[in-house]
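Structural overview
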Amino acid sequence: MKAFAGTLAGTGPLVRLILRRDRVVLPLWVLVLALLPVAIANTMKDLYPTAAERQSYIDIVTSTPTFLALYGHAFGHSLGAITAWRLGGTVLFVGLASLLTVVRHTRAEEEAGRRELLGATALGRQAPLFAALLVTFGADLALGVIAAASLVAYGLPVWGSVAFGLSWALFGWAFAAIAAAVAEATEGARTARGISIAVLGLSLVLRMAGDVGKEDGPSWISWLTPFGWIQHIHLYGDQGWWIFVLFAGVVAAFVATALALSARRDLGSGLLPTRPGRAAAGRWLRGPLGLAWRLQRGSLVAWTLGFAALGGVLGGIAEGGIEVIRDNPKLEVVVQRLGGSSGIADTYFAAIMGLLGLVAAGYAIGAALRLKSEETSGRAEPVLAASVSRQRWTASHLAFAILGPAVLLGAAGIAAGLAYGLSKGDVGGALPSVLAQAMVQLPAVWVLVGVSAALFGLLPQLVASVGWAALAGCVMLEEFGRPLQLSKRILDLSPFAHVPKLPADDVFAAPLVWLTMIAAALIATGLLGLRRRDVL
Amino acid sequence: MNGENAVAASGLVKTFGKTRALDGLDLSVRSSEVHGFLGPNGAGKSTTLRVLLGLIRKDSGEARMLGGDPWRDAVALHRRLAYVPGDVTLWPGLTGGEVIDLLGRMRGGLDKGRRAELLERFELDPSKKSRTYSKGNRQKVALVAALASDAELLLLDEPTSGLDPLMEAAFRACVEEERNSGRTVLLSSHILSEVEALCDRVTIIRDGRAVESGTLADLRHLTRTSVAAELGRAPVGLAELPGVHDLHVDGRRVRCQVDAAGLDGLLAHLMPFGVRSLTSQPPTLEDLFLRHYETGEPEARPARRMGVTR
């Protein structure tokens, strides 16, 4: 025990260092996410003031596949229950923020070589991992406490609110612990982030698969994912407190794994030893594009596979969900209003693809920001000191930011279209329309790429923060803009607000052309700006 | 090419916010010479090289390189030069061999035989992933890539800062060969012995300005020989001699520094006191360097005169 305590020496100063480095971004995500629940509760109260209204709303939406996929099944129709139901997917962002924070302060530090500098001081070998977990756990806990306190203050039941805050905090803990174990096992921060996010995404898809097409509540599949556990707690119902033990188990298991890995491995290494590679470059590695391909191919392939799998699952569960609503005589009016079963399918795929568009934008911004990390790390210097123009170098990475999302959305669209078409026996009819639903997201994605490209050329010091903030803004507007009753003018700030919902919108070419032109203008601005500025 | 300067910069100014990194810098590198670019950390050496590479834009002044404009003609000029950055960072997932080939190809050519020979000489394993290389090995990757190219001009920014003495010797041998084969080398360094051993001409830079430029012989005129003598009897009147500095007289022993111009006078003055032994050390670049980097004039610092016995 004493030996273990020794490995934690220096945790205190490290915690302060992390808090110092994250003094802006950490309070920001904690507060935004912590106060979102009470804002949603307020909206729900405005929109559905009486129990009867809430009941009929819940009955309708939880039988349409779109809402089941996005938010899952509801348990109860009290104001608290309906708020918790509406936020069923939002907890994703708590997990995302937690895992990013952990990777940022463990593997990323090590990869940058800063961990070595600190490691030579009186620092126990578990201290960096421990400090990163401590800060993230603390932030999640603060988030949970603020969320619960604000919900109680708003007048929602105390125990339900406590369960709500606790579920969000522990969800964050679970993904912080998973990210810690992954970060100890992989050699690069990029890989660690990718794998952790994939686990998070898979957890969400499992929850969706457990909900859609099931009339009487989620199937056993939802027990495989932390998203499902939160559902099964029945927040603001008869809370199943024992489910928190599942969270505790996940946290304990992954923290123990991370600590065990970190105790054994060498600094800078992962689980697998680095293998030697080829002594001479292959034929393709001969210019900036070949280099960009080499640097980005791994993540492009992984994301494409992820999108194809996601598309397959979401397409595959659609027909079951549509059947349920079609066969329910009580919902005939709703079915009519949604334009029959093809109308239901269209709304479902529009919603799903809108979500995937936002995720694809995340990939695209990451691909564009390679430019920035190549520049700040000094790796752009030898390329630009060779006979390579700035435009060519920039274009080589932007090619992935522009064409990459097309590949991702294409993969998701084809997989979803095929799966949906096969399940209802009409591939020829389903595939083109589902694929089109996916591809119309592209111009909106490109606008966000354009924002990053323009900033890279003009204000490179802001490109990472503003680039990601633009995406976060779009996510907020798309997911919470309507429930928060923001005005149309504000909602229209998101490029995704202009993506037509096919094929309901007959005239859909115009906004796509406009978005593409805006994106092109932004990218051109970036390229021009880059011609004039200093390279770091 | 003959007669034309490979690099000609005059009055270069570059500011970053409030800091004036280059403050009217002049630099001229003749074709086929090895030119030392000497200065302490933060003097502006890397900034100058980055202006010459067109990575950053000068605020004012003139810069020409290989007959072109470093900013406007960057892409064309870079085909004719090779550059080794001071702080070499590589792509962690690529092997050293891949990086060498990639840089060579982007520059427009690499001599395969020379690449193999250089790998041998620098004892570099090209099949290792860059993330496993030490600082010295990363530097070797950049050096091999530059030296194996057929560029006319080599821009080397403190290229030996991570190399061990054996590798440093290998590097020096390579630069000697480059000189003999007529390539132009601009070698930035704060290692004086390196510049002394390798360079035909030297430019010394301080606070963004060239304070001295010329051949080593030229610059030695500016510096002082250390003289130590044992005399037959205690000397008088040494302190009044022109060009004598740092005088220490301890009975019949004398130590001092003397300007080149004052050497005749000093020797003539010592003779009458009966010279028993005399050692003189030629000025090292070290002395030269120190003279330029001391803040304020050395003559104005009383501490330097302590120990004068009379």
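Residues numbered from 1 in each chain as written. Chains lettered and ligands numbered in written order. Predicted model: local features only at pLDDT ≥ 70, side-chain atom pairs only at ≥ 80, totals over all residues.

Helix and strand counts for chain A stand at 25 helices and 0 strands. The C-alpha radius of gyration computed for chain A amounts to 24 Å, which stays within 12% of the reference 24 Å derived for 536 residues, consistent with globular compactness. Principal-axis analysis of the C-alpha atoms gives chain A an extent of 70 × 60 × 40 Å. Across the 536 residues that make up chain A, the buried fraction comes to 51%. Within chain A, contacts between residues at least 6 apart in sequence are counted, and of these 77% link residues at least 24 apart. (Helix = DSSP H or I, 4+ residues; strand = E, 2+ residues; numbered from the N terminus. Rg over C-alpha atoms; globule rule 2.2 N^0.38 Å. Buried ≥ 20, exposed ≤ 12 C-beta atoms within 10 Å, placed from the backbone. Contact = placed C-beta atoms within 7 Å.)

Moving on: the overall build of chain B. Scanning chain B for helices and strands turns up 10 helices and 13 strands. The buried share among the 310 residues of chain B stands at 41%. Expressed as a percentage of contacts within chain B between residues at least 6 apart in sequence, the contacts between residues at least 24 apart total 70%.

The next point concerns the sheet that holds strand β4 (residues 60-65) of chain B. All names here are of chain B. The 3 strands are arranged β2-β1-β4 in an open sheet whose pairing can be described as antiparallel. In the strand order of this sheet, the two ends are held by β2 (19-30) and β4, each with one partner. Sheet twist, expressed as the mean angle between neighbouring strand axes with direction ignored, is 15 degrees. Taken together, the 5 bridges between strand β1 (residues 5-16) and β4 define a ladder with antiparallel strand orientation. Residue pairing in the sheet places Ser-10 in a bridge with Glu-62 of β4. (Pairing = 2+ DSSP bridges. Axes fitted to C-alpha atoms, helices over the stretch in contact; angles between N-to-C directions.)

A word on the interface of chain A and chain B. The interface is formed by 28 residues belonging to chain A together with 31 residues belonging to chain B. Among the secondary structure elements, those contributing two or more residues to the side of chain A that touches chain B are α15 (288-316) and α19 (380-385) of chain A. If you tally residues by element for the side of chain A that touches chain B, the top one is α19 of chain A, at 5 residues. When the residues that make up the side of chain A that touches chain B are grouped by side-chain class, the tally is 14 nonpolar, 8 polar and 6 charged. (Nonpolar A, V, L, I, M, F, W, Y, C, P; charged D, E, K, R; others polar.)

Moving on: the domain arrangement of chain B. Partitioning chain B into domains gives domain 1 (5-219) and domain 2 (223-305). On a C-alpha basis, the centroid separation for the pair domain 1 of chain B and domain 2 of chain B is 38 Å. (Domains from an automatic or database assignment.)

In any sheet, the strands associate via hydrogen bonds between backbone groups, in a parallel or an antiparallel arrangement. Residue and element names in this part refer to chain B. Reading across the sheet, the 4 strands line up as β11-β12-β10-β13 and stay open at both edges, with antiparallel pairing between neighbours. Taken across any chain shown, the strands that pair with only one partner, and hence form the sheet edges, are β11 (244-250) and β13 (275-281). Across the sheet, the mean angle separating the axes of adjacent strands is 15 degrees when strand polarity is ignored. Two elements, strand β10 (residues 224-231) and strand β12 (residues 253-259), share 7 bridges in a ladder whose sense is antiparallel. In the sheet register, Val-227 faces β12, and the bridge partner there is Cys-256. Its contacts with the sheet put helix α9 (residues 263-270) on β10, β11, β12 and β13, and the angle it makes with β10 is roughly 0 degrees.

Quick look at the packing of helix α18 (residues 340-376) of chain A against helix α22 (residues 442-458) of chain A now. Residue and element names in this part refer to chain A. Where α18 contacts α22, the axes come no closer than 9 Å and their chain directions differ by 20 degrees. Judged on the interaxial angle alone, α22 and α18 are roughly parallel. Relative to α22, the crossing made by α18 is right-handed. In contact with Gly-357, Ala-360, Ala-361, Ala-364, Ile-365, Ala-368, Leu-369, Leu-371 and Lys-372 of α18, α22 contributes Ala-444, Val-445, Leu-448, Val-449, Ser-452, Ala-453 and Phe-456. (Parallel < 35°, antiparallel > 145°, perpendicular 65-115°, else oblique. Left-handed = near helix turned anticlockwise from the far one by under 90°.)

Turning next to helix α14 (residues 244-264) of chain A. All names here are of chain A. In a regular helix each residue adds 1.5 Å, so 21 residues correspond to 30 Å; α14 covers 31 Å between its end C-alpha atoms and thus fits that length. Within α14 the residues assigned to the buried category are Phe-247, Val-251, Phe-254, Val-255, Ala-258, Leu-259 and Ser-262. Along the axis of α14, the buried positions cluster into a sector of 140 degrees, meaning they face one direction only. Relative to its buried face, α14 has exposed residues pointing more than 90 degrees away, namely Val-245, Gly-249, Ala-252, Ala-256, Ala-260 and Arg-264. Those residues of α14 hidden inside the fold are in contact with α10 (127-154), α11 (158-185) and α13 (226-233). (Expected span 1.5 Å × (residues − 1). Arc of directions from axis to C-beta.)

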